[in-house]
Amino acid sequence: GKKISTPKSFQVACTVTTQIIAQVASGQYGGQSINGIDRILAPFVRKSYDKLLAQVIEEQVEVYGMEPNMEKAKEIAWKRTRKEVKDGIQTIQYQINTLMTTNGQAPFVTLFMHFNPKSEYAKEAALIDEEILKQRIQGVKNDANVYITPAFPKLIYVLDEHNIHPDAPYYYLTELAAKCTAKRMYTVSIS
């Protein structure tokens, strides 16, 4: 009986995503997949960037008493956005790995990464995929303070024309996925 408004930032969108995962997992046995996690969350990266850009411009004017330097403001806003994406993906990873559902199991979740390179949010979707892969490569700490491979979420990274060839614009993501597969073998599929 409660309305959840559309999130106004990436971090909140990630939190809501984990709440949805928990609710679905509590109501069923078995797994769930989020098809296009990068496409779904990409618009919220843009919302965060726009909000952070406005804050940086405001800081330049009100705190530093200067005319806005748009190039510098965009650079700072993007750096802050990258940090928010890192924190948001970490939220998803931690929540999935620490949630216990009402039926006594951890959520069995698969994240499917395959964005449209012609989308207006391609840059944001690529950033999400990059961060998901980087965090999986790092792993999560266990009780002995050692980085291990988390069981969930499972990751599926799709090969396509925009990322399969060395001269493709998102080939760096494929290299990251290969590195991830090599280090965290059972949790990344490349298809």
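See the structure shown above.
The present account deals with the structure reproduced in this document. None of the values given here were measured: they were computed from a predicted structure. (Residues numbered from 1 in each chain as written. Predicted model: local features only at pLDDT ≥ 70, side-chain atom pairs only at ≥ 80, totals over all residues. Heavy atoms only, no water.)

Okay, the side chain of Gln 135 next. For Gln 135, the position within the fold is in helix H4 (residues 122–138). Among all residues touching Gln 135, those that are not within four sequence positions of it are Lys 86, Ile 89, Gln 90 and Gln 93. (Helix = DSSP H or I, 4+ residues; strand = E, 2+ residues; numbered from the N terminus. Contact = heavy atoms within 4.5 Å.)

The next subject is the nonpolar core. Phe 10, Leu 41, Ile 128, Ile 132 and Leu 133 are the most contacted members of the largest nonpolar core, which totals 41 residues. Every element with two or more residues in this core is listed here: helix H1 (10–26), helix H2 (37–63), helix H3 (70–98), strand S2 (108–113), H4, strand S5 (154–157) and helix H5 (171–183). Top contributing element to this core by residue count: H2, with nine residues. Apart from the residues within four sequence positions on either side, Leu 41 is in contact with Phe 10, Ala 13, Cys 14, Thr 17, Ile 92 and Ile 128. (Core = buried A, V, L, I, M, F, W, Y, C linked by side-chain atoms within 4.5 Å. Buried < 20%, exposed > 50% of the residue type's maximum accessible area, 1.4 Å probe, protein only.)

A one-sided burial pattern is seen for strand S1 (residues 31–35), the buried positions being Gln 32 and Ile 34 and the unburied ones Gly 31, Ser 33 and Asn 35. Pairing of S1 with S2, which is carried by five bridges, proceeds in the parallel orientation. When the sheet's bridge partners are listed, Asn 35 is paired in S2 with Phe 112. (Pairing = 2+ DSSP bridges.)

Looking now at the environment of Glu 84. By secondary structure assignment, the location of Glu 84 is in helix H3. Once residues within four sequence positions are removed from consideration, Glu 84 is found in contact with Ser 9, Phe 10, Gln 11, Ser 48 and Leu 52. Within the structure, Glu 84 has its side chain in polar contact with the side chain of Ser 48 (distance 2.6 Å). (Polar contact = N/O pair within 3.5 Å; in protein donor to acceptor, adjacent residues only side chain to side chain.)

Let's shift gears to the packing of H2 against H4. For the pair H2 and H4, interaxial distance at closest approach is 8 Å and the crossing angle is 115 degrees. Judged by the angle between their axes, H2 and H4 are roughly perpendicular. Crossing of H2 over H4 shows right-handed handedness. Two secondary-structure elements touch here, H2 through Ile 37, Asp 38, Leu 41, Ala 42, Val 45 and Arg 46 and H4 through Glu 124, Ala 125, Leu 127, Ile 128, Asp 129 and Ile 132. Of the residues assigned to the contact of H2 with H4, the class counts are eight nonpolar, no polar and four charged. (Axes fitted to C-alpha atoms, helices over the stretch in contact; angles between N-to-C directions. Parallel < 35°, antiparallel > 145°, perpendicular 65-115°, else oblique. Left-handed = near helix turned anticlockwise from the far one by under 90°. Nonpolar A, V, L, I, M, F, W, Y, C, P; charged D, E, K, R; others polar.)

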